[in-house]
Amino acid sequence: MIPEITAKYDWILALTSLAFVFSAASNGANDVANSYATSVAARTLKMWHAGILAAITEFVGAVALGDRVTDTIKSGIISPTRFVGKPGTFMLAMGCAEVGSATWLTMATFMGWPVSTTQTIIGALIGVGFASQADITWEWTKGSVSQVAASWGIAPAIACCFSAIIFGTLKYSVLERSDPFKWGLRLIPVYLAFTGAILALFIVVEAPTAPSLEEFGAGKAVGIILGVFFGCLVIGYIFFMPYFHRRLVKHDSRLRFYHVLLGPLLYKDNCPVPFPGKGEYVVTNYYEDAFGEVRAGKKDNEKLGSGAPAPREEVKATNDDVERQPDSIESSPEITPKKCSVTPEERFLGPVRDLSWTNPRKIWGYTKFCLLQGVTRDVVTHNSDRLRDIHSRAHRYDDRVEHMWTYCQVVSAIMMSIAHGSNDVANAVGPWAGSYATYNSGEVNTEADTPIWFLVIAGLLLGGGFWFYGFHIIRALGNKITQMSPTRGFATELGAAITVLLASRLGLPVSTTQCLTGAALGVALMNYDLGAVNWRQLVFIFGGWVLTLPCAGLIAGLLCVMALNTPHF
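Procedures and definitions
- Residues numbered from 1 in each chain as written.
- Predicted model: local features only at pLDDT ≥ 70, side-chain atom pairs only at ≥ 80, totals over all residues.
- Heavy atoms only, no water.
- UniProt positions renumbered as here; feature names shortened; annotations may be inferred.
- Helix = DSSP H or I, 4+ residues; strand = E, 2+ residues; numbered from the N terminus.
- Phe/Tyr/Trp six-rings, centres within 6.5 Å; stacked < 30°, edge-to-face > 60°.
- Buried < 20%, exposed > 50% of the residue type's maximum accessible area, 1.4 Å probe, protein only.
- Expected span 1.5 Å × (residues − 1).
- Polar contact = N/O pair within 3.5 Å; in protein donor to acceptor, adjacent residues only side chain to side chain.
- Axes fitted to C-alpha atoms, helices over the stretch in contact; angles between N-to-C directions.
- Left-handed = near helix turned anticlockwise from the far one by under 90°.
- Contact = heavy atoms within 4.5 Å.
- Core = buried A, V, L, I, M, F, W, Y, C linked by side-chain atoms within 4.5 Å.
- Salt bridge = Lys/Arg side-chain N within 4 Å of Asp/Glu carboxyl O.
- Patch = residues over 30% accessible without salt bridge, like charges linked within 9 Å, V, L, I, M, F, W, Y side chains within 5 Å.
- Areas by Shrake-Rupley, 256 points an atom, 1.4 Å probe, with all protein chains shown as cover.
- Parallel < 35°, antiparallel > 145°, perpendicular 65-115°, else oblique.
- Nonpolar A, V, L, I, M, F, W, Y, C, P; charged D, E, K, R; others polar.

Student: Could you give an account of the UniProt feature "transmembrane region" (unreviewed entry) in the protein, with specific residues and numbers?
Tutor: Per the UniProt entry, the sites bearing "transmembrane region" (unreviewed entry) are residues 47-66, 149-172, 184-204, 224-244, 404-422, 452-474, 494-526 and 538-564 in this numbering. With 100% helix and 0% strand, residues 224-244 has its two end C-alpha atoms placed 28 Å apart. Annotation note: span residues 538-564, helix share 100%, strand share 0%, distance between end C-alpha atoms 39 Å.

Student: Could you give me a rundown of the packing of aromatic side chains, with the residues and numbers involved?
Tutor: For the structure shown, the criterion picks out 21 aromatic pairs. Between Trp113 and Phe540, the aromatic rings sit 5.5 Å apart at their centres with planes inclined by 20°, giving stacked as the arrangement. Of this pair, Trp113 sits in the loop between helix H5 (87-110) and helix H6 (117-132) while Phe540 sits in helix H20 (residues 535-564), placing them 427 residues apart in sequence. Residue Phe540 is classed as partly exposed on the basis of its relative accessible area, which comes to 35%. Ring geometry for Phe240 versus Tyr407: centroids 5.9 Å apart, planes at 70°, classification edge-to-face. Residue Phe240 is found in helix H10 (residues 218-249), and its partner Tyr407 is found in helix H15 (residues 399-441); the two are separated by 167 residues along the sequence. Relative accessible area serves as the criterion here: at 17%, Phe240 is assigned to the buried category.

Student: Let's hear about H6: which residues, and what values?
Tutor: Spanning 16 residues, H6 covers 23 Å between terminal C-alpha atoms, matching the ideal 22 Å at 1.5 Å per step. Capping the start of H6, Ser116 holds a side-chain oxygen 2.9 Å from the backbone nitrogen of Gln119, two or three residues further along.

Student: Any chance you could break down the packing of H6 against H20 for me, citing the residues and the numbers?
Tutor: Where H6 meets H20, the axes come as close as 7 Å, and the angle between the chain directions of the two elements is 35°. Note on packing geometry: the crossing formed by H6 with H20 is right-handed. On the side of H6, the interface is formed by Gln119, Thr120, Ile122, Gly123, Ala124, Gly127, Val128, Ala131 and Ser132, while H20 contributes Trp545, Thr548, Leu549, Ala552, Gly553, Ala556, Gly557, Cys560, Val561 and Leu564.

Student: So what's going on with the nonpolar core? Which residues, and what values?
Tutor: If you look at the biggest cluster of nonpolar residues, it comprises 54 residues, and the most contacted ones within it are Ile188, Phe244, Met404, Trp405 and Phe490. Put simply, the parts of the chain that give this core at least two residues each are helix H7 (145-175), helix H8 (180-206), H10, H15, helix H18 (486-505) and helix H19 (512-525). Considering each element in turn, this core owes the most residues, nine residues, to H18. Setting aside residues up to four positions removed in sequence, Phe490 forms contacts with Ile166, Leu170, Tyr191, Thr195, Trp405, Cys408, Gln409 and Ser412. One finds Ile78, Leu92, Leu455 and Ala458 within the second-largest nonpolar core, a separate group that totals 37 residues.

Student: Before we move on, can you summarise the pattern of salt bridges with the specific residues and values?
Tutor: For the coordinates displayed, the defined rule picks out 10 salt bridges. The salt bridge involving Glu176 is made with Lys171; its shortest N-O contact spans 3.8 Å. The class of Lys171 is buried, set by a relative accessible area of 1%. For the salt bridge of Lys250 with Asp269, the shortest nitrogen-to-oxygen distance reads 2.8 Å. Of the two residues, Lys250 is situated in the loop between H10 and helix H11 (298-303) and Asp269 in the loop between H10 and H11; the sequence distance between them amounts to 19 residues.

Student: Please give an account of a nonpolar patch on the surface that cites residues and values.
Tutor: Taken together, Trp48, Ile52, Ile56 and Val60 make up a surface patch of nonpolar side chains, about 360 Å² in accessible area. Assignment of secondary structure puts Trp48 in helix H3 (residues 47-65). The class of Trp48 is partly exposed, set by a relative accessible area of 44%.

Student: Before we move on, could you go through the packing of helix H2 (residues 10-41) against helix H16 (residues 452-469) and cite the residues and values that matter?
Tutor: Geometrically, a packed helix pair is captured by the angle between its two axes and the distance between the axes. Between H2 and H16, the shortest axis-to-axis distance is 7 Å and the interhelical angle comes to 55°. Relative to H16, H2 is oriented oblique. Note on packing geometry: the crossing formed by H2 with H16 is right-handed. Between H2 and H16, the residues in contact are Phe20, Val21, Phe22, Ala24, Ala25, Ser26, Asn27, Gly28, Ala29, Val32 and Ala33 and Phe454, Ile457, Ala458, Leu461, Leu462, Gly465, Phe466 and Tyr469, respectively. For the contact of H2 with H16, the class distribution of residues is 15 nonpolar, four polar and no charged.

Student: Which residues make up the environment of Val352, and what values do they have?
Tutor: Residue position: Val352 is located in the loop between helix H12 (344-349) and helix H13 (360-372). Residues Val352 and Tyr366 lie 14 residues apart in sequence; the distance between their C-alpha atoms is 8.5 Å. When residues no more than four places from it in sequence are discounted, the contact partners of Val352 are Arg361, Lys362, Gly365 and Tyr366.

Okay, structure coming up:
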């Protein structure tokens, strides 16, 4: 039974719920893109692959791991004591914060502006705090504005360091060795195991029922992590090594990712390959654009005084060591230039544009356009001379080595997405949960647990927002900061994921946008060339960070002031 004091404010809850839908969907469209932007830009995943993965991983992160940070957003920014005895006013304040957040996020997303959804909701809460004259927690305490604001600067720097260390290790252990393909085959199981161990670590410490590390015990935690590491290492050698040997050494273009399950059978020459793939090339040219041009590595070639590829150390070929034959040292051949991808309008609407609206083909064409237009767009190609010059300053590495790291990159992208779901679900759910709890209890209530069905709905909306209009942010990020490739994307996503998950464990709602941007910068700087970084794009993104806080605050604050001072009977 709803208490009489709040029953009359059901319209506020309804409007807050509507704003929550747009806030969660735009959160997904803007911030989920961060998790998969480098994977799409590196041609590891297609947009529809990323869309399906995002729907799953965001849901898991939001439902399984999102409750802790939700509590910080719900009650840690502005003091609820100002609203004691006035539950309707508290519901109104939370509703205005939700509307302000949803408005700015949706506008920024459609403008292709990658902003911080964390900054958006914090700004909105500060705005309603000023409007309602509520106390704002500025001092350095858990969940305060100052602590959250500090994380905006600290988190990108930490992510930058993590990703630079990860990529630097990969660069000097594999990519720039005399025979990177040989070393890639040797070390890929170790990197797969390392990524799995990191994922296991944060599953252990992030589970909602997980005790603190002190209570859990360092011995148990280390035992789980080492167990997962060596388990993944065994899987790598038993399943992935035969797969890579057959595909990359024997050049079997029929193999697809699901054939990894065949394991040691792939060493046999007469091994049957069920459901074989079709394709002329064993691996993708991960550095080409939609016009079939490769820019990465051109500056290196110019420094040598010719257009020829950079020479590598000569290696003697042996019959029993096919990985070290000279032809294995070169990257995959250039792919014939092709036309740019067709747009969804051309693909779905063009063939049926002249048909009658009663024609089932036209209805089906428009239905496919509505459902698939967000994941069928070319978000990788950027027709810019300045960006081509930036990409030309990045080093180019063996495409077959890059291919091996696509599997690590997908795992790291999944980690990043789960981290986002666990951390940023609070941005949309927090105000709605506070308003709902107050409506049900009849008094200002920020202590009630966030209902699990709230997190379920939010998780679905996060993935749905990415599916339908997340391409705006994928296009704005992707290759626009630096040249991306699977190895670079792996380091970027893993470094950012580690940072976000650490912050989530500490209850700090950090920005995944800022973590991923900092991580991308760290990888870009490992080219040892400042010209390999698109500083203009970084300034553009930084400008969004600066404007987001006041803009979201103004929208929410002005709306709250007008609502509180509206004449009423």
